[in-house]
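Survey of secondary and tertiary structure
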Amino acid sequence: MKKILVANRGEIAVRIMSTAKKMGLKTVAIYSTIDRNSPHVKMADEAVCIGEGPSNQSYLLADKIIEIAKKLQVDAIHPGYGFLSENVDFAIACEANSITFIGPNSHAIEIMGSKLAAKETVKAYNIPMVPGLDEAITDIAKAKKVANTIGFPVLIKASAGGGGKGMRIVEDESEFESQMNRAISEATNAFGDGSVFIEKYIASPRHIEIQILADQFGNIVHLFERECSIQRRHQKVIEEAPSSVLSDTIRKQMGEAAIKVAASCNYVGAGTVEFLLDENLNYYFLEMNTRLQVEHPVTESITGLDLVEMQICIARGEKLPFQQSDLKIKGHAIELRIYAEDPLNDFLPSIGFLEEYKLPNGKGIRVDNGIDEGMDVPIYYDPMLAKLITYANTREEAIQLMINAIHNYKVKGISTTLSFGKFVMEHNAFKEGRYDTNFVKKYYNSELLKKQHQEEAEIAAYIALQKYLEDQKQLKLPN
């Protein structure tokens, strides 16, 4: 393997290219017309414009990406996450054209891409599941009967879904039919597949995921857990590793369960097995993501491993260079996703011109960034601009380092989730580890953040006034 095409954009494209260059590999970037000045384009050894701004006219053009890869004699394609990373047909096309797909085989992607198929596959391994119906359903009358058997509240979820799309919480029978219709419609529009399934809604879960690595020789290890419970609209904003609530015993059990899930579909590569953890620390299999996760840097921080390098080595047919007993957790890491969203306005997208964009730096601070000062933030793609990661010996130190890093992260021209990150870091529920996926619902509202902004502005004005008065006094002093 000598040349890799990165079939993605933004911070993840830059992240992949950084490791590829470290390994002595040539890189090829693809880009849309709107991304022509993006950092990943400048960083690559070769770059090819693939189409117009909208992703269905550029980054989702699988056939065109394969065509470019063949023309430039590319050995492998790394899909990153999002776009074509979990597209079965794209993985098959890579295989058919003798291009290494840096990820699992198409069989594993297909099985784990369907939540229902995934549950069916792992059933034989006695892994705890959330009570529910393990088959696709569109018959509302039948679905209602199932919901009553399970007991409200229930969760309706798109079988082919992700990112909170096609997902509805139903508190009682009276609203079931309308929510079912909405879930089916949203799933159809988002994924072209309206099939949904129903399961018991766990009211206050924590979202815990286990990172695994599996080589082509049947060796599978887990790299411990990530806590991903700070979410808005069912999508993650803040992640940390390790979790503050797992004992060594539960961590071991969940790690072993994740390895069984990977084994159930003959998984090869880096993957993540997601679980729900209830208030009694019972865990339930949720799904498997057959790609690199956005939050992979926190795992890299506590293990000292480069997960992109591991992906490439596994794709080259190399054995894992370590066993489970060699892996240890060291320190604590936290990640904040820097979204171009306005936390004061229900996290709505914030697009515009980046007048100022300065990144924090220092020991224990890492920024995976995909945009530069002077660029426009486009509306066509996921609003994540960058990821801010802090690492320290203890959780308390990592939190304080994150607060300091947020203070030194300068953005002007658009709104971002930086202020929300500061709010979370300073909240007692987070600092004490007493939180779940309902953190935003329980503790956050924009008025609190507006009040915090106002207080900070008043303090800054007071300090400026004091400085001014002192300077004036100095000027008036006699020689």
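Structure: above.
None of these values were measured; they are calculated from a predicted model.

Moving on, we come to the pairing of strand 10 (residues 220–232). Taking burial as the measure, the 13 residues of strand 10 include 12 buried ones, the bulk of the element. Note that strand 9 (residues 206–214) and strand 10 share 6 bridges and pair antiparallel. Within strand 10, the residue paired with Ile208 across the bridge is Glu227. Here strand 9 hands over to strand 10 after 5 residues, with Gly218 in that stretch at a positive phi of 85°. Where strand 10 lies against strand 11 (residues 235–241), 4 bridges are found, and the strand directions are antiparallel. Looking at strand 11, one finds that Arg232 is bridged to Gln235. Counting the residues between successive antiparallel strands, the hairpin from strand 10 to strand 11 contains 2 residues, one of them, Arg233, with a positive phi of roughly 55°.

This part covers the nonpolar core. Membership of the largest hydrophobic core comes to 39 residues, with the highest contact counts inside it found for Ile238, Phe420, Val424, Met425, Phe430 and Phe439. For this core, the secondary structure elements donating two or more residues are strand 11, strand 14 (332–339), strand 21 (384–392), helix 12 (395–407), helix 13 (418–425), helix 14 (428–431) and helix 15 (439–443). For this core, the element with the most residues is helix 12, which contributes 7 residues. Not counting residues up to four positions away in its chain, the partners in contact with Phe430 are Ile230, Ile238, Glu240, Arg395, Ile399, Val424, Met425, Tyr435 and Phe439.

Take Leu133: it is sitting in the loop between helix 6 (115–122) and helix 7 (140–150). Sequence-wise, Leu133 and Ile16 are 117 residues apart; in three dimensions their C-alpha atoms are separated by 39 Å. With residues up to four places along the chain from it excluded, the contact list for Leu133 reads Leu116, Val146, Ile150, Phe197 and Ile198.

A full pass over the atoms with the stated rule returns 37 salt bridges. Where Glu300 meets Arg366, a salt bridge forms, and the shortest distance between an N and an O atom there is 2.9 Å. With Glu300 in helix 10 (residues 296–303) and Arg366 in strand 19 (residues 365–369), this residue pair connects regions lying 66 residues apart in the sequence. We classify Arg366 as partly exposed; its relative accessible area is 26%. For Lys387, the salt bridge goes to Asp368, with nearest N and O atoms at 3.9 Å. Here Asp368 lies in strand 19 and Lys387 lies in strand 21, a separation of 19 residues in the sequence. Both residues of the pair, Lys387 and Asp368, belong to the buried class. Beyond isolated ion pairs, a larger network of salt bridges with shared partners links Glu11, Arg15, Lys22, Glu300, Asp306, Glu309, Arg366, Asp368 and Lys387.

A separate point is unusual backbone geometry. In terms of backbone geometry, most residues other than glycine have negative phi values and most peptide bonds are trans. With an omega dihedral of 0°, the bond running from Phe152 to Pro153 counts as a cis peptide bond. Counting through the fold element by element, Pro153 comes out in the loop between helix 7 and strand 6 (154–158). Put simply, Ala241 and Pro242 share a cis peptide bond, and its omega is -5°. Position of Pro242 among the secondary structure elements: in the loop between strand 11 and helix 9 (248–264). For Leu281, which is not glycine, the phi torsion reads 65° and is therefore positive. Here Leu281 shows up in the loop between strand 12 (269–277) and strand 13 (283–289). Residue class for Leu281 comes out partly exposed when judged on its relative accessible area of 30%. Despite not being glycine, Asp346 has its phi angle at roughly 60°, a positive value. Looking at the element boundaries, Asp346 is found in the loop between strand 15 (341–342) and strand 16 (348–349).

Here we come to the packing of helix 5 (residues 106–113) against helix 6. Helices that pack against each other are described as a pair by the angle of their axes relative to one another and the distance between those axes. Viewed as axis vectors pointing N to C, helix 5 and helix 6 meet at an angle of 105°, and their least axial separation amounts to 5 Å. By the criterion of interaxial angle, the relationship of helix 5 to helix 6 is roughly perpendicular. Across the interface between the two elements, Ile111, Met112 and Gly113 of helix 5 pack against Lys115, Ala117, Ala118, Thr121 and Val122 of helix 6.

On to the environment of Leu155, then. Mapped onto the elements of the fold, Leu155 is located in strand 6. Through-space distance from the C-alpha of Leu155 to that of Thr138 is 14 Å; in sequence the pair is 17 residues apart. When neighbours within four sequence positions are excluded, Leu155 is seen to be in contact with Met167, Arg168, Ile169, Phe197, Ile198, Glu199 and Tyr201.

With that out of the way, let us pick up the side chain of Glu225. Checked against the element boundaries, Glu225 lands in strand 10. Separated by 2.8 Å, the side chain of Glu225 and the backbone nitrogen of Ser243 make a polar contact. In terms of polar contacts, Glu225 uses its side chain to reach the side chain of Arg251, at 2.8 Å. In this structure, Glu225 is in contact with Ile208, Glu209, Ile210, Glu240, Ala241, Pro242, Ser243, Leu246 and Arg251, ignoring residues within four places of it in sequence.

Okay, a nonpolar patch on the surface next. A cluster of nonpolar residues, Ile34, Ile351, Ile379 and Tyr380, forms a patch on the protein surface that exposes about 390 Å² of accessible area. With respect to the helices and strands, Tyr380 occurs in the loop between strand 20 (376–377) and strand 21.

Moving on: helix 4 (residues 88–96). Note: α-helices contain 3.6 residues per turn, so residues at a spacing of three or four share the same orientation. Taken together, the buried positions of helix 4 are occupied by Val88, Phe90, Ala91 and Cys94. The arc enclosing the buried residues of helix 4, seen along the axis, measures out at 165°, which places them on a common side. Set apart from the buried face of helix 4 by more than 90 degrees, the exposed residues are Asp89 and Ala96. On the buried face of helix 4, the contacting elements are helix 3 (62–71), strand 4 (76–78), strand 5 (100–101) and helix 5. For helix 4, the side-chain oxygen to backbone nitrogen distance between the N-cap and Asp89 is 3.0 Å, and the N-cap itself is Asn87. Immediately beyond the C-terminal end of helix 4, within one or two residues, lies Ser98, with a positive phi of roughly 55°.

Thresholds applied
- Residues numbered from 1 in each chain as written.
- Predicted model: local features only at pLDDT ≥ 70, side-chain atom pairs only at ≥ 80, totals over all residues.
- Heavy atoms only, no water.
- Buried < 20%, exposed > 50% of the residue type's maximum accessible area, 1.4 Å probe, protein only.
- Helix = DSSP H or I, 4+ residues; strand = E, 2+ residues; numbered from the N terminus.
- Pairing = 2+ DSSP bridges.
- Core = buried A, V, L, I, M, F, W, Y, C linked by side-chain atoms within 4.5 Å.
- Contact = heavy atoms within 4.5 Å.
- Salt bridge = Lys/Arg side-chain N within 4 Å of Asp/Glu carboxyl O.
- Axes fitted to C-alpha atoms, helices over the stretch in contact; angles between N-to-C directions.
- Parallel < 35°, antiparallel > 145°, perpendicular 65-115°, else oblique.
- Polar contact = N/O pair within 3.5 Å; in protein donor to acceptor, adjacent residues only side chain to side chain.
- Patch = residues over 30% accessible without salt bridge, like charges linked within 9 Å, V, L, I, M, F, W, Y side chains within 5 Å.
- Areas by Shrake-Rupley, 256 points an atom, 1.4 Å probe, with all protein chains shown as cover.
- Arc of directions from axis to C-beta.

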